[in-house]
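Spelled out, the chains give:
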Amino acid sequence: MTAVTDQGRDRGQGPEHEGVDGAEGAEGAEGRRWDDGLIARRAADALEEGVAGERPPDDDDVRPQVEAYGLPGSPLRPRLDALRELVGLSRARLDGDTLAEAGRVLDEASARQRLSSRHTVVAIAGATGSGKSTLFNALACSQISETGLRRPTTSAPIACSWTDGAAGLLDRLAIPGRLRRRPVQGVMDTDEALQGLVLVDLPDHDSAATGHRDQVDRVLALVDAVIWVVDPEKYADAALHERYLRPLAGHAEVTFVVLNQIDRLPGEAADLVLDDLRRLLDEDGMAVGEHGEPGATVMPLSALTGEGVGDLRELLGRFVQDRTAAAARLSADVAAAAARLRPVYVAEGRPGLGERTREEFADRLAEAVGAAAAGQAAEREWRRNAGRACGTPWLRLWRWYESTRQLGGLDLMAQALAPPEEELTARQRVEQAVRTLADDAVVGLPAPWAQAVREAAVSGAKGLPEALDELARNAQAGAGTSSRGRAGGGGHAGAAGPGAAVSGAPGSGMPGGPAGSGASGSGSLGSGALGSGSPGRSVAPAAGALGGRPVRPPRPAWWPAAVLAQVSMTLLQIFGGLWLLGQIVGVLEPGLVAPALLMLAGVVGGPLVEWSCAAAARGPARRYGQEAERRLREAASGCGRARVLDPVAAELARYREVRERYVAVTEFSTTGR
């Protein structure tokens, strides 16, 4: 029985095919057409008359039978949308090669959905001599594909369509019009179950010709289903299993594996070979559909004798009439693309920035900016001011004299040479804090997203030391102004004064650096907030922002009373001394008891008032230092959050969004649980 070509139907619907038909018509005179015989020409004429009598000549055979392959209500639609969003969100983070397969799947899915949904494209593939072409002819009940002992016999894909309207699908497969066939009219009328089937005979996948193997790979990526034809000699061929069956294990629902040439096997050998074939498929990871379970169809047949061919035709008929092959193939392609992308999306555990990581980063920045040293310096400054206000004049004069004697040239030189070393140390601390934060944030992240998080952290850290310095300098200017216009009450340290400690941090040398050491505002790490707060530096009073005048901490309400008491003790000493002096000179009447008691009261009362004030100042001074440390810590933490934490958190949020899209594509959890 001879098949008819697809003349005047699918192949002749476009102008490009008309050119092919014209070329073939020109070659007809040279005897190259199949219908050059008398009987063949009469059969062709009778077929054309029958077609012309059934429908008008102007009627379009394709349009009534072509229906776009839409997926309304199908679970594949949201998966494709999620994959499209996944690729779009990942283009800036992943290279093109990683996303190439996912992009190809999206393109092929879009192309397939625009084509006919009434047709199912099934390819017949196999090794050399497995009997592909013989099975192809047996299913078509026509001598379409050439068979013989010459190898390779099939050099290009040949298609056989049972119904009209498959031109777009065959164009997508790049099968030329001269290789498109149709079963004879009688076969098409009797095979109602195969209406919509497009069968494609492929070259050998193990052909010696590289071009043949390339054609097989190209067509296999586009068809809706595959019939793998194996024979008893080569069913375990490594090329078949490692190159095709194992990578396509996820496409089991659209895969048929038929053991051909069972007529060559004696007795129960066919069952033994079939069981071994199922075992190999199981090792490849391909599920075998048995007892109604989804999976690949495995069956024996003999294309030469026809044994089992009828069963395969029946299975193909049900498979084609379900019209789910294309959706199943696209779903398997999406799953395969998602599996390849798993290493770049699936995290080990739940990566992110926890509260502990944030607190540790803030602590490291506070250490780098010298918040603890600033608080201690502010506390000492508060107590020093209390001592100046409430101390005895003689002790204050002695302390001033001692401080002037200790200021020597070597000390000043040491203070001048200290900032460069401290600048290096403080900058290293900032860099170490950023590195530690990035390391904690990327734990468990896939490599591309971990790299993106590290880049975000490093990019923000480039200006972090300068930003901390500038922030502290601005805080100094604001606090220096407010501290002169306010006074705390009742010994509370937080009224306005704690800002003075922060205000001394940059530029002036935060408490812990010489006054005015950073007044040039160079923005370097050591001259401002970070360098001056390093441990090991001598602490000096903070200098104000305006005119270099000192910024003093606020005074509590009891300071005037303490000052008045100290003045009273001093006046008693002076009065008693003058009284004694007058008695010695003879101006006053002698009497040593009264002036001695007055002097003794002044001498004892002065230190007692100073000691009482020092004891009363400990609590407010401590609160003042703690508030200064807290404010500087919060300022450094806010700067680090804006520069480093927020960009890192944004990258992690982007990864979580992408991971949600990946979950929608794969329909399983990516947390490894």
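## Quick word on the overall build of the protein
- Assigned secondary structure in the protein consists of 22 helices and eight strands.
- Scored against the burial criterion, the 673 residues of the protein give a buried share of 48%.

## Considerations on the packing of aromatic side chains
- Taken as a whole and assessed by the stated rule, the structure comprises five aromatic pairs.
- With a centroid separation of 5.3 Å and an interplanar angle of 90°, the aromatic rings of Phe256 and Phe319 are classed as edge-to-face. Here Phe256, found in strand E7 (residues 255-259), pairs with Phe319, found in helix H11 (residues 309-322); they are 63 residues apart in sequence, far enough to count as distant.
- According to the relative accessible area criterion, Phe256 is buried, its value standing at 4%.

## Topic: a nonpolar patch on the surface
- The grouping of Trp394, Val563, Val567, Leu571, Ile574, Leu578, Leu581, Ile584, Val585, Val587 and Leu588 at the surface amounts to a nonpolar patch, some 1100 Å² of accessible area in total.
- Within the secondary structure layout, Leu588 lies in the loop between helix H21 (559-585) and helix H22 (593-666).
- Residue classification places Leu588 among the partly exposed residues on the basis of a relative accessible area of 39%.

## Side note on the confidence of the model for the protein
- Taken as a whole, the protein shows an average pLDDT of 74; of its residues, 70% reach a score of 70 or greater.
- Note on residues 412-419: pLDDT is under 50 here. Beyond four places in sequence and across chains, it has six contacts.
- Segment residues 669-673: pLDDT under 50, and ten contacts once partners within four positions in sequence are set aside and those in other chains are kept.

## Brief notes about H22
- Relative to the 110 Å expected for 74 residues at 1.5 Å per residue, H22 spans 102 Å between its end C-alpha atoms, a close match to the ideal helical length.
- The principal kink in H22, of about 50°, is found at Arg641.
- Residue Glu667 follows H22 closely and has a positive phi angle near 65°.

Cut-off values and rules
Residues numbered from 1 in each chain as written. Predicted model: local features only at pLDDT ≥ 70, side-chain atom pairs only at ≥ 80, totals over all residues. Heavy atoms only, no water. Helix = DSSP H or I, 4+ residues; strand = E, 2+ residues; numbered from the N terminus. Buried < 20%, exposed > 50% of the residue type's maximum accessible area, 1.4 Å probe, protein only. Phe/Tyr/Trp six-rings, centres within 6.5 Å; stacked < 30°, edge-to-face > 60°. Patch = residues over 30% accessible without salt bridge, like charges linked within 9 Å, V, L, I, M, F, W, Y side chains within 5 Å. Areas by Shrake-Rupley, 256 points an atom, 1.4 Å probe, with all protein chains shown as cover. Salt bridge = Lys/Arg side-chain N within 4 Å of Asp/Glu carboxyl O. pLDDT = per-residue confidence, 0-100. Contact = heavy atoms within 4.5 Å. Expected span 1.5 Å × (residues − 1). Bend = angle between axes of the 7 residues up to and from the residue.

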